[in-house]
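# Close look at the chain arrangement
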Protein chains: 2
Amino acid sequence: MTETSRETEQALHLYRVFSRAYRSVTEHSLRDIKSHGLHPTEFAVLELLYHKGPQPLQQIGASILLASGSVTYVIDKLEKNGMLIREPCPKDRRVTHATLTQKGRSLMEQIFPTHAEVIRLAVSGLDEQEKKQAIALLRKLGTEAAKRLK
Amino acid sequence: MTETSRETEQALHLYRVFSRAYRSVTEHSLRDIKSHGLHPTEFAVLELLYHKGPQPLQQIGASILLASGSVTYVIDKLEKNGMLIREPCPKDRRVTHATLTQKGRSLMEQIFPTHAEVIRLAVSGLDEQEKKQAIALLRKLGTEAAKRLK
DNA sequence: CATAATTATCTCGAATTCAAAATATACGAA
DNA sequence: TTCGTATATTTTGAATTCGAGATAATTATG
């Protein structure tokens, strides 16, 4: 028989509940994104630029956890679709910034409110107090987990 | 300016904290899995069979959310590596069961305790009481989100 | 200034995934 | 039985991702 401490059992239990919940919640988001003819990664890039403004490609990869080769691929596609343009950085010629075009911004202005509403519904199983608790717990959990990754 | 209700703001905030926490926690798991030369999907299949015993391929896909074509692909690979075998179901000839070989079972016996310990550490940012709260909140969140997917 | 080390991006090939179509089997109804 | 529908698996082709290596530009060091 395998020896597993009660603490470990509880940790595994939390991990499973966490994963299942994550899948169910993100499924709402994914369906909405797909319904607009976008892929999750494309949406993530557009959302980042929409909220944070022009970003170096490197930053984009770091923010949404994408390998550099994949960043090139997604940015290529979005640029071909006219959603954004590449702009060379004048201060550092190694760097390229991605900037939303008017078309890209319009798209996000059109779909983001709906998307926010989908997210609101997806997490509406918790009331305001519970959401507050969940935020505090998840923030702590995530921060500590990130620390231990170094 | 975009009108967004306070509730929606809170929901988006929860979603972001949730996603970040999930990435940090799962990164622990992914690194451990990789360190054993396995891919996440392969590990998921092995873990399922290890804990639940032989399963129809269809069940495997349903459990770990994998398209049927991908199931065939992963099972092929694991079978070639000698981790499992396919066994035709005598009662229903459409069905194939995947069963761990001794080699596959030994591998899991060897790596699962370590993996459990990695998970324990990954979520150790919360104490026992907090884990209990998190489990309750995440279960509720996940269950309600799943309901709304129908 | 010259060289080494670092950083940002892109290219290329391999691996994994999905979706749709093909195949085989099971099951219910006429 | 026979037909039609449903289910399980495999096949196929396209899309996305990663990792490693190449290139170019910057920064640090002597």
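Quick look at the structure, then.

### Topic: the pattern of salt bridges
- Inspection of the entire model under this criterion finds 22 salt bridges over all chains.
- For the salt bridge of K140 of chain A with E130 of chain B, the shortest nitrogen-to-oxygen distance reads 2.8 Å. A residue pair is termed interchain when its members come from two chains, as with K140 of chain A in helix 6 (residues 128-147) and E130 of chain B in helix 6 (residues 128-147).
- Residue classification places K140 of chain A among the partly exposed residues on the basis of a relative accessible area of 36%.
- For E130 of chain B, a relative accessible area of 16% gives the class buried.
- With a closest N to O distance of 2.6 Å, K77 of chain B and E42 of chain B form a salt bridge. Note that K77 of chain B is positioned in helix 4 (residues 68-80) and E42 of chain B in helix 2 (residues 40-52), a separation of 35 residues in sequence.
- With a relative accessible area of 27%, K77 of chain B lands in the partly exposed category.
- We classify E42 of chain B as buried; its relative accessible area is 4%.
- Beyond isolated ion pairs, a larger network of salt bridges with shared partners links E7 of chain A together with E117 and R120 of chain B.

### Quick word on the protein's contact with DNA strand D
- Lining the immediate surroundings of DNA strand D are 23 residues, of which T41, S70, Y73 and K77 of chain A together with Q58 of chain B lie closest.
- Atoms of DNA strand D within 4 Å of the protein: sugar and phosphate make up 74%, bases the balance.
- The backbone of L57 of chain B places a nitrogen or oxygen atom 3.3 Å from a phosphate oxygen of DNA strand D.
- Within the backbone of T96 of chain B, an N or O atom sits 2.8 Å from a phosphate oxygen of DNA strand D.
- Among the elements that line the surface near DNA strand D, the one with the most residues is helix 4 (residues 68-80) of chain A, at 5 residues.
- Residue classes in the surface near DNA strand D are distributed as 7 nonpolar, 9 polar and 7 charged.

Each value, and the rule that gives it
Residues numbered from 1 in each chain as written. Chains lettered and ligands numbered in written order. Predicted model: local features only at pLDDT ≥ 70, side-chain atom pairs only at ≥ 80, totals over all residues. Heavy atoms only, no water. Salt bridge = Lys/Arg side-chain N within 4 Å of Asp/Glu carboxyl O. Helix = DSSP H or I, 4+ residues; strand = E, 2+ residues; numbered from the N terminus. Buried < 20%, exposed > 50% of the residue type's maximum accessible area, 1.4 Å probe, protein only. Near = heavy atom within 4 Å. Polar contact = N/O pair within 3.5 Å; in protein donor to acceptor, adjacent residues only side chain to side chain. Nonpolar A, V, L, I, M, F, W, Y, C, P; charged D, E, K, R; others polar.

Function cannot be read off these values alone, since they describe shape.
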